[in-house]
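Structural overview
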Amino acid sequence: MQLDNRESNIDVVFRNGLKDFEVNPPPDVWDNIHLVIKTKQKPVLFISAAASVVILLGITFFTYQMGRQISSAPDNTVIAINNESVSSETSPSIAGPPIASKESKQVSSNAAITLKVKRDNKIEEKNLLISSPEVIVFPEANSLALNFTERRNSPVLAIFNKSQKNAFRMNNTDLQYTLVNNPKKVAERWSVAAMASPTYYSHFNSGGNEITKQLMSTEQPVISYSGGVAFSYKISKRVSVQSGLYYASLGQVVDGINSYTGFQKYGYSKGDHNFEVLTSNGTVYTRNADVFLSATGSTGRINTNYTSDVFDPNKANLQYINSTIRQNFSYVELPVLVRYKIIDKAIDFNLIGGISYNLLVNNSVYTMVNGSKYTIGETEKLNPLSVSSTLGMGMEYNFSEKLSLNIEPTLRYYLNPISGSTGTNVHPYSFGIFSGFSYKF
Amino acid sequence: MSEIKKIINGCLAGNRRDQELLYRRHAAKLYAVCLQYSGNDEEARDILQEGFIKIFENLDRYKHEGSFEGWMRRITVNTALEKFRSRHNLYRVDDIDQIQELDAEPDNTDYAGLEANDLLNIIRELPPKYRMVFNLYAIEGYSHKEISHMVNISEGTSKSNLSRARVILQRRVCSYTGIKKKFAIG
């Protein structure tokens, strides 16, 4: 009997007859397929494509200017995501005047939706191809609904209401889920900012050295400026890394050092400098042969051959300039920072932390005469490279998606002493409020 | 690299041209398969669509072992099967008891002159359950045991569905060829 054979004659006839048979599919099938795989691959670019049923629903909805909100279906689990459903050929026109109770319209096109479905606490991604969804508008209830048949043939009702913004709430017999159309584009990852700040500079004496303490008692911090350009790259929604190039100057005023000019004619200069001034940041050597220095009070602060018992500036008729000298150090900074966004609102708050590599580019000691600088010399044995740690709080006010105003109170602490001389252990710190604009791209 | 491998890699990289090329090359053959598994065109079209979406989504799993066409065909058949499973409760199989008597008839049917299109139409006219079992057994080469798992029926049902499908097919073929002959003579 043929039934018991593996193969019946008719099996072979059909198998061979249909083996290489081809039938051209309807032309729009490819468009639908492409739509779905494109949605999956490049969700961001999808917004601009053809006409998006979901977006249109959104627009339609918001043009209705509905004030009331309806309560959403109970026990719906909320899931995020994706764009976008698009009709393949014809843009479904679903806009129309709101009618008293409800308005229903059949959209004669297909739409693809990617959504995440939460089922049994697992999130699954689903691609849905909706054919001819029925759009129901409930103006009084502030909602729109999409009625369509899903793959498995169970009717699905997607409700759209104002309280959920671009969300769809969907009900199904065995699962309940929400589709949130995510209209927010992935933010630009790069940003560039120009920032500047007045900087208050001071230092800690971590060594507890008595002499240094004494020296520091006559030293005053000065306000200086720093600024530069910063680049940052966004790694995730909240975290970005930042670098850039800054120029910063630190400085201090040393009291009790009288300076005179006109010393050169008496200068029986031996060696390369006539005076040495001790400061907490290191020893200052005079480079200007015309300058004469004397200390008020403690005489031990200045090392020189021209002590008061040897040379009297008044008798020599030197011209008195000032009783203070200023030390200045300028650095080019290369920061490596991490920003963490704590609050992401109209005004964003960021925590900023990291380290900076500081390259010493200028080192000068001067005093002021009639508002202009009178050079005295420079501080010896400074570390050419120092490392500082940075801690800041960034406030970012977004004017637009691209442009924002940044204000960043920043505290930095120098991890190694500014001076390379042994014995000094003074760590400067500075506080500045950086402000500037940043541009994202 | 073979051409198909190039196209597959292009698809994986998201290249639209390669995706379309892959579709254009294989759609007609796979659509014929979809039609074979479905009684109505709308459903066949859905199977093709969903099947291809799965093909693209799972392309990275194709290991370039065995025929690519066979791999795509399997996905398409599975899609048809899923669709069938999700709605098989909706179908009612015709009462076929009388036909059973014809089982034992020797197969002396004249198959000559039947074109692929005729065969396709005949197969599509089968009740869905018979069509599914016949397709899986006779065309795809699955055993009754495998089919019983795939379609969620017993092996016995699979066997009886197959034999009933064969009987119906034979009868339809007879009437087809009869008509064709008439026309040829007339």
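First, a word on what this report is: a plain description of the structure on this page. (Residues numbered from 1 in each chain as written. Chains lettered and ligands numbered in written order. Predicted model: local features only at pLDDT ≥ 70, side-chain atom pairs only at ≥ 80, totals over all residues.)

**Considering the overall build of chain B**
Threshold: Helix numbering and strand numbering both begin at the N terminus, where a helix is a DSSP run of H or I of at least 4 residues and a strand a DSSP run of E of at least 2. Neighbour counting defines burial: a residue surrounded by 20 or more other C-beta atoms within 10 Å of its own C-beta is buried, one with 12 or fewer is exposed, and intermediate counts give partly exposed, using backbone-placed C-beta atoms. Throughout, a pair of residues is in contact if the C-beta atoms placed from their backbones lie within 7 Å.
For chain B, the helix and strand inventory stands at nine helices and zero strands. Helices (α) and strands (β) of chain B occur, in sequence order from the N terminus, as α-α-α-α-α-α-α-α-α. A burial count over chain B gives 34% of its 186 residues as buried. Look at the contacts in chain B between residues 6 or more apart in sequence, and 69% of them connect residues 24 or more apart.

**Comments concerning the nonpolar core**
Using the following cut-off: In plain words, the nonpolar core is the set of buried Ala, Val, Leu, Ile, Met, Phe, Trp, Tyr and Cys residues that C-beta atoms within 7 Å link up.
Grouped together as the largest cluster of nonpolar side chains are 51 residues, with contacts concentrated most on Tyr-31, Cys-34, Leu-48, Val-133, Phe-134 and Ala-165 of chain B. Among the elements that take part in this core, helix α2 (residues 16-36) of chain B stands out by supplying nine residues, more than any other. Look past the residues within four positions of Phe-134 of chain B in its chain and what remains in contact with it is Leu-126, Leu-162 and Ala-165 of chain B. Among the nonpolar cores identified, the runner-up in size contains 20 residues, and Val-254, Val-277, Phe-292 and Ala-295 of chain A belong to it.

**As for helix α1 (residues 9-18) of chain A**
Residue and element names in this part refer to chain A. Selection rule: The arc in question is the one spanned by the directions pointing from the helix axis to the C-beta atoms.
Those residues of α1 that sit buried are Ile-10, Asp-11 and Phe-14. End-on, the buried residues of α1 take up no more than an arc of 110°, which puts them together on one face. For α1, the exposed residues lying more than 90 degrees away from the buried face are Val-12 and Asn-16.

**Topic: the interface of chain A and chain B**
Rule in force here: Gly counts as polar in this scheme, as do all residues outside two lists: the nonpolar Ala, Val, Leu, Ile, Met, Phe, Trp, Tyr, Cys and Pro, and the charged Asp, Glu, Lys and Arg.
Contact with chain A, which involves 31 residues of that partner, is made by 35 residues of chain B. Tallied by class, residues from the side of chain A that touches chain B come to 16 nonpolar, ten polar and five charged.

**Examining the packing of helix α1 (residues 3-12) of chain B against α2 of chain B**
Residues and elements named next belong to chain B. Rules: As a rule, the C-alpha atoms of each element are fitted with a line to give its axis, helices using only the stretch in contact, and angles between N-to-C directions run from 0 to 180 degrees. Angle categories: roughly parallel below 35 degrees, roughly antiparallel above 145, roughly perpendicular from 65 to 115, and oblique for all the rest. Handedness of a crossing follows from how the near helix is turned relative to the far one, being left-handed for an anticlockwise turn of less than a right angle and right-handed for a clockwise one.
Two numbers describe how α1 lies on α2: the axes approach to 7 Å, and their chain directions differ by 130°. With respect to α2, the element α1 is oriented oblique. Pair α1 / α2 crosses with left-handed handedness. Here α1 contributes Ile-7, Gly-10 and Cys-11 to the contact with α2, which in turn contributes Asp-18, Gln-19, Leu-21 and Leu-22.

**Some details on the packing of helix α7 (residues 128-139) of chain B against helix α8 (residues 144-151) of chain B**
Residue and element names in this part refer to chain B. For the pair α7 and α8, the least separation of the axes is 10 Å and the interaxial angle reads 140°. When the interaxial angle is binned, α7 and α8 end up oblique. Read as a crossing pair, α7 and α8 show a hand that is right-handed. Residues Met-132, Val-133, Leu-136 and Tyr-137 of α7 form the contact with α8, whose participating residues are Ile-147, Met-150 and Val-151.

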